[in-house]
Amino acid sequence: MGTEPGGTQLPATLRRIERAAGALATASVARMDETVPWFRALPADQRSWVMLVAQAGVRSLVQWLRDGGGRADSTQEVSDEVFAIAPQALARSISLQQTVTLIKVTIDVVEEQVPHLAADGEEQQLREVVLRFSREIAFAAARAYARAAEVRGSWDARLQALLVDALLRGDSSDVLASRAAALGWADAPPVAVAVGRSPGGEVAAVLHTVYRLARRIRVGVIGGVHGDRLVVVLGGAADPLAATEKLLPAFGDGPVVVGPAVPSLDEATESARSALAGYRAAPAWPAAPRPVEAAALLPERALAGDAEARRRLRQDYYATLVRAAGELLETLDAFFASGGVLESTARALFVHPNTVRYRLRRIAEVTGLSPLVPRDAFALQVALTVGRLDPVTPVLPGPPGSERGKDR
């Protein structure tokens with residue numbers, strides 16, 4: 001096998017390939033157009049980039065031969081720069097599998113031209129060299145796509161972190177919409193936010209697990225790691241709590257809290273704030289389910305200083321009992337004062353125990369919380385305390401349509 005000083009292989013053949021580089025690239029692109037239907041559908045600018053990559057590929061073959069890559073015992077790799085000539089956007093438009101198809105077409109064209117490219121007696125050697133080069137160029141393509149995927153993954157992770165930051169800060173809907181659009185967010189309703197401990201490790205790996213699990217249940221997600229917390233925005237999950245349960249392997253140990261469902265990403269700040277407040281208060285309820293709704297943690301959130309939780313307890317429970325009837329609130333006070341004993345409550349109120357039972361059922365109907373259930377009883381007790389510390393103030397009736405006459 002002929003070799004020039006320095007290790008260059010097939011010197012005469014090498015010069016012929018170098019002179020035919022442009023024609024080989026043109027013939028390769030023409031063959032792609034004839035045999036690859038999806039290639040014909042590419043925009044003109046992307047087809048032109050493929051032509052430049054094909055030309056760079058032929059030049060890479062020449063350089064590879066000069067560096068001794070054609071020898072059977074050579075470990076010389078093809079430079080990844082053959083793909084660097086194309087913009088990163090091309091890697092998003094053409095998959096790795098499609099790139100391998102185009103490489104195969106180009107190699108087929110080169111193999112067909114072997115009789116014209118090889119010097120006398122070097123045809124078989126050139127065929128073997130082209131075969132080895134095709135393997136190396138395929139590896140180079142895989143490396144290029146792997147790097148593009150890493151860059152894209154890092155960029156997506158930064159975008160997701162920025163979007164989650166914007167949600168937690170309560171930025172304008174325009175900011176949220178622009179960042180969500182860059183991530184391909186479909187904004188399928190309902191939208192909810194889940195917060196839990198991050199499992200640690202690389203952020204990209206954590207988010208990859210979130211996305212992998214979300215794809216299984218066909219739910220849209222955007223995630224971000226903030227300190228030791230993993231914040232996940234879910235979209236299109238009919239039951240966000242059940243969907244979050246499927247995502248639990250992505251979270252670390254500890255509580256996972258799901259905020260209320262809202263119609264769109266524009267309103268997800270409310271869900272995020274509730275979920276964060278619940279996550280901070282969750283240690284006060286060691287037996288809480290995992291995941292748990294932020295609304296189920298209203299008593300703990302109120303005790304931790306969450307103003308929204310205080311408002312909810314005051315308006316949804318205390319004010320409801322005030323409006324319902326005086327005997328319900330009186331009965332609830334007596335029930336708690338007697339330690340939850342029906343007979344003692346009845347004696348304190350001078351009524352029959354069945355009357356107490358009826359009133360307790362009415363309390364459960366109007367509030368959704370049953371005093372006979374320990375957890376519900378705790379929430380009602382905190383609601384009564386909050387309501388009396390910051391009571392609902394009745395306002396005199398005003399003209400129709402005015403705000404007067406409503407509880408504050």
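All of these numbers come straight from a predicted model, not from anything done at the bench.

Novice: How should I be thinking about the packing of aromatic side chains in this particular structure?
Specialist: How two aromatic rings sit relative to each other is given by the distance of their centres and the angle of their planes. As enumerated under the stated definition, the model contains 1 aromatic pair in all. Taking the centre distance of 6.1 Å and the plane angle of 50° together, the rings of F335 and F336 count as tilted. Each member of the pair, F335 together with F336, is buried.

Novice: Would you take a moment to explain the pairing of strand β3 (residues 229-235) for this structure?
Specialist: Residues in a regular strand project their side chains so that they alternate between the two faces of the sheet. When you tally the buried positions in β3, you get 6 out of 7 residues, the bulk of the element. Both strand β1 (residues 191-197) and β3 contribute to a ladder of 7 bridges, which runs antiparallel. For V191, the partnering residue across the bridge sits in β3 and is G235. The pairing of strand β2 (residues 220-226) with β3 spans 7 bridges and is antiparallel. If you follow G220 over to β3, its bridge partner there is G235. The turn joining β2 and β3, which pair antiparallel and follow one another in sequence, is formed by 2 residues; a positive phi near 65° is taken by G227.

Novice: Whenever I open this one, the sheet that holds strand β4 (residues 257-258) confuses me. Can you help?
Specialist: Sheet strands line up and pair through hydrogen bonds in the backbone, either parallel or antiparallel. Ordered by their spatial adjacency, 5 strands build an open sheet running β2-β3-β1-β4-β5, and the pairing between neighbours is mixed. The outermost strands of the open sheet, each flanked by one partner alone, are β2 and β5 (292-293). In the packing of helix α11 (residues 203-217) onto the sheet, contacts are made with β2 and β3, and the angle to β2 comes to roughly 155°. Here helix α13 (residues 268-281) sits on the sheet in contact with β1, β3 and β4, set at roughly 25° to β1.

Novice: What's the story with the pattern of salt bridges in this structure? I'm lost.
Specialist: If charged atoms from side chains of opposite charge come close, those side chains can pair. As enumerated under the stated definition, the model contains 11 salt bridges in all. R311 is paired through a salt bridge with E308; the nearest N and O atoms lie 2.7 Å apart. On the criterion of helical spacing, the pair formed by R311 and E308 is a turn pair, its members being 3 residues apart in helix α15 (residues 307-324).

Novice: Sorry, what's going on with the packing of helix α17 (residues 342-349) against helix α18 (residues 353-367) here?
Specialist: Packed helix pairs are characterised by how far apart their axes lie and by the angle those axes make with each other. For the pair α17 and α18, interaxial distance at closest approach is 8 Å and the crossing angle is 105°. As far as their axial angle goes, α18 and α17 are roughly perpendicular. Here L342, E343, T345, A346 and L349 of α17 lie close against α18, whose contacting residues are P353, V356, R357, R359 and L360. When its residues are assigned to classes, the contact of α17 with α18 shows 6 nonpolar, 1 polar and 3 charged.

Novice: Any chance you could explain the nonpolar core here in plain terms?
Specialist: One recurring pattern in soluble globular proteins: nonpolar side chains tend to sit buried together. Residues L313, L321, L332, F336, I363 and L384 are the most contacted members of the largest nonpolar core, which totals 26 residues. Those elements that place two or more of their residues in this core are α14 (298-303), α15, α16 (326-337), α17, α18 and α19 (374-389). Residue contributions to this core peak at 7 residues, all from α19. Counting 23 residues, the second-largest nonpolar core is a separate cluster that includes L10, A21, V58 and A141.

Novice: How should I be thinking about the side chain of D376 in this particular structure?
Specialist: You can see D376 is positioned in helix α19. Although D376 is buried, it forms no salt bridge, and the closest oppositely charged side chain is R375 at an N-O distance of 6.3 Å. Ignoring any residue separated from it by four or fewer positions in sequence, one finds D376 in contact with G368, L369 and S370.

Novice: Even after reading the chapter, I still don't get the side chain of E122, so can you show me in this structure?
Specialist: By the secondary structure assignment, E122 is in the loop between α8 (114-117) and α9 (123-169). One buried charged residue, E122, remains without a salt bridge, the closest side chain of opposite sign being R16 at 7.5 Å.

Novice: It is not clear to me how the packing of α16 against α17 should be interpreted in this structure. Could you clarify?
Specialist: It is at 9 Å that the axes of α16 and α17 come closest, and there the two elements cross at 125°. Looking at the two axes, α16 sits oblique to α17. The element α16 and its partner α17 pack so that their crossing is right-handed. Every residue of α17 that contacts α16 at E330, T331, A334 and F335 is listed here: L342, T345 and L349.

Novice: Would you take a moment to explain the confidence of the model for the chain for this structure?
Specialist: Predicted coordinates in regions of low pLDDT should not be interpreted in detail. Model confidence for the chain is summarised by a mean pLDDT of 81, while 77% of its residues fall at 70 or above. Every residue in residues 1-8 scores below 50 in pLDDT, and together they form 18 contacts with partners more than four places removed in sequence or on other chains. Scored below 50 in pLDDT, residues 394-408 shows 18 contacts in the model against residues more than four places distant or in partner chains.

Novice: Where do I start with helix α4 (residues 44-66) in this structure?
Specialist: The end-to-end C-alpha distance of α4 is 34 Å, a good match for the 33 Å that 23 residues give at a rise of 1.5 Å each. Restricting attention to buried positions, one finds in α4 the residues Q46, V50, V53, A54, A56, G57, V58, S60, L61, V62, W64 and L65.

Novice: What should I look at first to understand unusual backbone geometry in this one?
Specialist: Looking along the chain, the bond that leaves P189 and enters P190 is cis, with omega of -10°. Here P190 shows up in the loop between α10 (173-182) and β1. Put simply, R290 and P291 share a cis peptide bond, and its omega is 0°. On the secondary structure map, P291 appears in the loop between α13 and β5. The backbone of R218 sits at a positive phi, close to 60°, despite the residue not being glycine. Mapped onto the elements of the fold, R218 is located in the loop between α11 and β2. Its identity as a non-glycine residue notwithstanding, F350 has a phi of 60°, on the positive side. Residue placement: F350 occurs in the loop between α17 and α18.

The rules behind the values
Residues numbered from 1 in each chain as written. Predicted model: local features only at pLDDT ≥ 70, side-chain atom pairs only at ≥ 80, totals over all residues. Heavy atoms only, no water. Phe/Tyr/Trp six-rings, centres within 6.5 Å; stacked < 30°, edge-to-face > 60°. Buried < 20%, exposed > 50% of the residue type's maximum accessible area, 1.4 Å probe, protein only. Helix = DSSP H or I, 4+ residues; strand = E, 2+ residues; numbered from the N terminus. Pairing = 2+ DSSP bridges. Contact = heavy atoms within 4.5 Å. Axes fitted to C-alpha atoms, helices over the stretch in contact; angles between N-to-C directions. Salt bridge = Lys/Arg side-chain N within 4 Å of Asp/Glu carboxyl O. Parallel < 35°, antiparallel > 145°, perpendicular 65-115°, else oblique. Nonpolar A, V, L, I, M, F, W, Y, C, P; charged D, E, K, R; others polar. Core = buried A, V, L, I, M, F, W, Y, C linked by side-chain atoms within 4.5 Å. Lys, Arg positive; Asp, Glu negative; His and termini not counted. Left-handed = near helix turned anticlockwise from the far one by under 90°. pLDDT = per-residue confidence, 0-100. Expected span 1.5 Å × (residues − 1).

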